[in-house]
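# Remarks on the overall topology
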Amino acid sequence: MASIKKKSGGGGGANWMDTYGDMVTLLLCFFVLLYSISTVDQNKWILLVQSFNKDALVNVDDQPLGPAGEDSDQGGDDMPTTLPEEIDQVMEELYDFLALFANSSDSVNISTTGDGRIFISFQDAVFFDGDKSVLRPEGKAALDEIIPALEEAGPYLDEVKIMGHTAQARPDQANTVRGDRTLSTQRAAEVLIYIQEHSNGELLDPARLTSEGYGQWRPVATNDTAEGRAKNRRVEMMISGKNVEEQIGDSIASYYTETQQTQPGSEQPATPAEGAPSR
């Protein structure tokens, strides 16, 4: 009888390596997947969150930024640190103080607008002589009384706008456009400059001080009489409190948003050295 020889194993003995290789490949893909989701694009994440809740406040830092932009636990621009009730109370107290000041002078009028802003009108004689833009001592004294109140309310203020006006000097002859606009703008700027130079910039942010000149084109009385022209020659101040519920932000944030420009850091610019480039 012929003997039966046992056949040795063929090449199939290495099939386990195929399975092992597939497993290692899958593990590699798994770790690559974990790595890919470990870093999330900040802007895409914000869009994803706000797609589910458009009113969501997204804080992308480990800690919220403080009011001046520094790391702090006091909250920041993206996290309101004050309540509307606090701002309303500060604005009411500011109005009461300014009302007492206005009552002591016949040349100052004060009122509030429907949206809670404070409006002050100074007749021209308080600040300037005719055809002049140099602050009179009486005007400086008036501002010295107002500045401490503005500093105290400063963290709650959105904007302090100074508005300059002129009158038509001669009823039968219009002012020159350049002289009219320049004088009103200079008067507003002089008041702003005095406030900024004599106030604490950490309390009353200079970025919230603005000035405009309207010339003779927003009169409050006739220019046909000396009394009417005296009323038209005036400087006005509009003070508004912050609106923490406004999604677009305050006046500064609105400026950068509307102009589509990027707001630089909050650090103060260095004092230019002698011979530095002109502004």
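Residues numbered from 1 in each chain as written. Predicted model: local features only at pLDDT ≥ 70, side-chain atom pairs only at ≥ 80, totals over all residues. Heavy atoms only, no water.

## Here we look at the overall build of the protein chain
A tally of regular secondary structure across the protein chain gives eight helices and five strands. Ordered by position from N to C terminus, the α and β elements of the protein chain give α-α-α-β-β-α-α-β-α-β-α-β-α. When burial is assessed residue by residue, the protein chain has 28% of its 279 residues classed as buried. When contacts within the protein chain are restricted to residue pairs at least 6 apart in sequence, those whose partners lie at least 24 apart make up 64%. (Helix = DSSP H or I, 4+ residues; strand = E, 2+ residues; numbered from the N terminus. Buried < 20%, exposed > 50% of the residue type's maximum accessible area, 1.4 Å probe, protein only. Contact = heavy atoms within 4.5 Å.)

## Examining the packing of aromatic side chains
Scanning the entire structure with this criterion turns up two aromatic pairs. Relative to Phe128, the ring of Phe127 has its centre 6.1 Å away and its plane inclined at 65°; by these criteria the two rings are edge-to-face. Judged on exposure class, the residue Phe127 and its partner Phe128 are both buried. Three or more aromatic residues link up through ring pairs in this structure, and these residues are Phe122, Phe127 and Phe128. (Phe/Tyr/Trp six-rings, centres within 6.5 Å; stacked < 30°, edge-to-face > 60°.)

## Topic: the packing of helix 3 (residues 84-103) against helix 5 (residues 137-153)
Look at helix 3 against helix 5: their axes get within 10 Å of each other, and the N-to-C directions meet at 170°. With respect to helix 5, the element helix 3 is oriented roughly antiparallel. Taken together, the residues of helix 5 that come into contact with helix 3 (itself represented by Val90, Leu94, Phe97, Leu98 and Phe101) are Ala142, Glu145, Ile146, Ala149, Leu150 and Ala153. Grouping the amino acids of the contact of helix 3 with helix 5 by side-chain chemistry returns ten nonpolar, no polar and one charged. (Axes fitted to C-alpha atoms, helices over the stretch in contact; angles between N-to-C directions. Parallel < 35°, antiparallel > 145°, perpendicular 65-115°, else oblique. Nonpolar A, V, L, I, M, F, W, Y, C, P; charged D, E, K, R; others polar.)

## A few points about the nonpolar core
Ranked by size, the top nonpolar core spans 37 residues in total, and within it Phe127 and Ile239 carry the most contacts. Elements that contribute at least two residues to this core include exactly helix 3, strand 1 (108-112), strand 2 (118-123), helix 4 (124-127), helix 5, strand 3 (157-164), helix 6 (177-197) and strand 5 (234-241). Excluding residues within four positions of it along the chain, Phe127 makes contact with Phe122, Val134, Leu135, Arg136, Gly139, Ala142, Leu143, Val191 and Val235. (Core = buried A, V, L, I, M, F, W, Y, C linked by side-chain atoms within 4.5 Å.)

## Things to note about the environment of Ala125
Looking at where Ala125 falls in the secondary structure, it is placed in helix 4. Taking C-alpha positions, Ala125 is 9.4 Å from Lys231, a pair spaced 106 residues apart along the chain.

## Digging into the packing of helix 5 against helix 6
Across the interface, helix 5 lies against helix 6 with an axial gap of 10 Å and an inter-helix angle of 50°. What the angle tells us is that helix 5 and helix 6 run oblique. The chirality of how helix 5 crosses helix 6 is right-handed. In contact with Lys140, Leu143, Asp144 and Ile147 of helix 5, helix 6 contributes Val191, Tyr194 and Ile195. (Left-handed = near helix turned anticlockwise from the far one by under 90°.)

## A look at the confidence of the model for the protein chain
Of all residues in the protein chain, 69% attain a pLDDT of 70 or more, and the chain-wide mean is 78. Predicted confidence for residues 62-80 stays below pLDDT 50, and this span has 25 contacts to residues more than four positions away or in other chains. Scored below 50 in pLDDT, residues 266-273 makes two contacts in the model with residues more than four places away or belonging to other chains. (pLDDT = per-residue confidence, 0-100.)

## Looking at helix 6
The end-to-end C-alpha distance of helix 6 is 30 Å, a good match for the 30 Å that 21 residues give at a rise of 1.5 Å each. Where helix 6 is concerned, the buried positions are Asp180, Leu183, Ser184, Arg187, Ala188, Val191, Leu192, Tyr194 and Ile195. Looking straight down helix 6, one finds its buried side chains confined to an arc of 170°; they lie on one side. Away from its buried face, by an angle of more than 90 degrees, helix 6 presents the exposed residues Val177, Arg178 and Glu197. Buried residues along helix 6 sit in contact with helix 4, helix 5, strand 3, strand 4 (209-213) and strand 5. (Expected span 1.5 Å × (residues − 1). Arc of directions from axis to C-beta.)

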